[in-house]
Amino acid sequence: MSAIIMDGKALGLKIRESVKVQSTALKEKGIMPCLAVVLVGDDPASMSYVKSKDKALGEAGMESRDIRLPEDTSEDQLLSIIAELNRDDKVHGILVQSPVPKHINEEKINDAVAPHKDVDCFHPDSVGNMILGRPGFLPCTPHGVLMLLREYNIPISGSHAVIVGRSNIVGKPLANLLIRREYNATVTLCHTGTKDLARYTLQADIIIAAAGKPNLIKPDMIKERAAVIDVGINRVEDSSAQKGYRLCGDVDPAVAQKAGFFTPVPGGVGPMTIAMLLQNVADAAKK
Ligand code: NAD
């Protein structure tokens, strides 16, 4: 029996519809929800992410303030633009597209965004609030993963969740959210220092792969009927594809034959990230 495919596109659309309703209510009160998206340089993948965010914001009835800056923008120039956006009452959320060029310190940039506009949840205050369970924005991709697990009624409480990847934007926040009382999972966080990854993934009721390694998780690494969430979005060369590459996840698609639940790439976690970003912008505008 093959896995139930978790349709992030459909759930993402449902959330976006709800955000649109919230956005209409805000506009009736004279508030136009607005996200400022800052892009430094012309990295093709970043440009395409920014374009899809613009489109999603427009469809949700929100304003997207696009700020495109040349690759040679200095750190000070970027910091002063962020300071200006922090002061601008018409801007509710600020997102600086990652990665920024190498001559700019990304940590300094994340620290410069006012926490009440930090819809990406990258500021140390936002991260601290998230870990302590205090009110604040939740990071978009981890929040999207949790929404998907809930939508498909996957038992989380008492489960063993194995996360592969310890990044600040996916692995670490997900581990922290899953151990909250409201989720109540037992978490194992694997990373490049983990010896014998399969030893851990084989014990998992829920596997969340966020390593950025194409097809890292194979069928012989999972327990029968496990829920497998693939966060990975990797470009692999493919001469038969129009663009010369195709997207693939961190999980071998053959896993779907053994798993209980499975997220496709594309169409799984990706659309959830954007939906949760829109929800954070709506929440920021409400405040
Ligand atoms: P990252 O490169 O910052 O971190 C990857 C982590 O995986 C590291 O902590 C590393 O220790 C671990 N890792 C790498 N190889 C491993 C291995 N062989 N075994 C065990 N652990 C290993 O990546 P990131 O920013 O967290 O992104 C991870 C993937 O998720 C990428 O493919 C990225 O494109 C994708 N992503 C998708 C979304 C989305 O919306 N779906 C959002 C963010 C990231």
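Structure's up top.
Just so we're clear, the structure is a prediction, and the values are computed from it rather than from any experiment.

## Concerning the packing of aromatic side chains
The geometry of an aromatic ring pair is captured by the separation of the ring centres together with the interplanar angle, meaning the angle of the planes. For the structure on display, the rule yields one aromatic pair. Pairing tyrosine 152 with phenylalanine 261 gives two aromatic rings, centres 6.5 Å apart and planes at 70°, and the pair type is edge-to-face. Remark: phenylalanine 261 occurs in strand 11 (residues 261-262) and tyrosine 152 occurs in the loop between helix 6 (140-151) and strand 5 (160-164); sequence separation between them is 109 residues. Classification of tyrosine 152 by relative accessible area gives partly exposed; the value is 22%. Between the NZ or CZ atom of lysine 287 and the centre of the ring of phenylalanine 137, over which it lies, the distance is 4.5 Å.

## As for the packing of helix 1 (residues 8-28) against helix 9 (residues 269-286)
Packed helices, taken two at a time, are described by the angle between their axes plus the distance between the axes. Interhelical geometry of helix 1 versus helix 9 gives an angle of 15° and a closest axis separation of 8 Å. As summarised for this structure, helix 1 and helix 9 are arranged roughly parallel, according to the angle between their axes. For the element pair helix 1 and helix 9, the recorded crossing hand is left-handed. Residues Gly8, Lys9, Leu11, Gly12, Ile15, Arg16, Ser18, Val19, Gln22 and Leu26 of helix 1 touch helix 9, and the partners they reach there are Pro271, Met272, Ile274, Ala275, Met276, Leu278, Gln279, Ala282, Asp283, Ala285 and Lys286. When grouped by side-chain class, the residues that make up the contact of helix 1 with helix 9 number twelve nonpolar, five polar and four charged.

## Looking at the packing of helix 6 against helix 7 (residues 171-178)
Contact geometry for helix 6 and helix 7: axes closest at 8 Å, N-to-C directions at 45°. In terms of orientation, helix 6 and helix 7 fall into the oblique class. Here the hand of the crossing between helix 6 and helix 7 comes out right-handed. Contacts between helix 6 and helix 7 involve Pro142, Val145 and Leu146 on the former and, on the latter, Pro173, Leu174, Leu177 and Leu178. Looking at the contact of helix 6 with helix 7, its residues break down into seven nonpolar, no polar and no charged.

## Comments concerning a nonpolar patch on the surface
Among the surface-exposed residues, Tyr49, Ile233 and Leu247 lie close enough to one another that they form a single nonpolar patch of about 260 Å² accessible area. One can find leucine 247 in strand 10 (residues 245-248). Overall, the relative accessible area of 36% leaves leucine 247 in the partly exposed class.

## Some points on the state of the cysteines
Scanning all chains against the criterion turns up zero disulfides. Left unpaired, cysteine 140 is separated from the closest cysteine sulfur, that of cysteine 121, by 8.1 Å. Residue cysteine 140 is classed as buried on the basis of its relative accessible area of 6%. Of the cysteine sulfurs around cysteine 248, a residue in no disulfide, the closest is that of cysteine 190, at 20 Å.

Cut-offs and rules
Note on numbering: residues in each chain are counted from 1, in written sequence order. Residues qualify for local features only when their pLDDT is at least 70, as the model is predicted, and side-chain atom pairs are given and counted only at 80 or more; totals for whole chains, interfaces and linings, by contrast, use all residues. Each side-chain value is worked out from all heavy atoms of the structure, with water and hydrogens disregarded. Any two of the Phe, Tyr and Trp rings considered here, Trp counted by its six-membered ring, make a pair once their centres fall within 6.5 Å; the pair's planes then place it as stacked at under 30 degrees, edge-to-face at over 60, or tilted in between. Only DSSP runs of H or I covering at least 4 residues are called helices, and only runs of E covering at least 2 are called strands; the numbering of each starts at the N terminus. Categorising residues by exposure relies on relative accessible area from a 1.4 Å probe, with only protein chains included: less than 20% of the type maximum marks a residue as buried, more than 50% marks it as exposed, and the intermediate range marks it as partly exposed. Note on geometry: a ring has a charge over it if NZ (lysine) or CZ (arginine) is within 6 Å of the ring centre and within 35 degrees of the ring normal. Here an axis means a line fitted to C-alpha atoms, over the contact stretch when the element is a helix, while the angle between two N-to-C directions is reported on a 0 to 180 degree scale. Throughout this description, any angle smaller than 35 degrees is read as roughly parallel, any larger than 145 degrees as roughly antiparallel, any in the 65 to 115 degree range as roughly perpendicular, and the remainder as oblique. By convention, the crossing between two helices is left-handed when the near helix turns anticlockwise from the far helix through less than a right angle, and right-handed when the turn is clockwise. In what follows, a contact means two residues having at least one pair of non-hydrogen atoms within 4.5 Å. Ten residue types, Ala, Val, Leu, Ile, Met, Phe, Trp, Tyr, Cys and Pro, are classed as nonpolar, four, Asp, Glu, Lys and Arg, as charged, and the remainder, Gly among them, as polar. In this analysis, a patch consists of residues with relative accessible area above 30% that form no salt bridge, clustered at 9 Å for like charges and at 5 Å for the nonpolar side chains Val, Leu, Ile, Met, Phe, Trp and Tyr. In this description, accessible areas are obtained by the Shrake-Rupley approach with a 1.4 Å probe, and a residue is regarded as covered only by the protein chains that are shown. Just to be clear on terms, a salt bridge is a Lys or Arg side-chain nitrogen sitting within 4 Å of an Asp or Glu carboxyl oxygen. Here, two cysteine sulfur atoms that lie within 2.5 Å of each other are counted as a disulfide.

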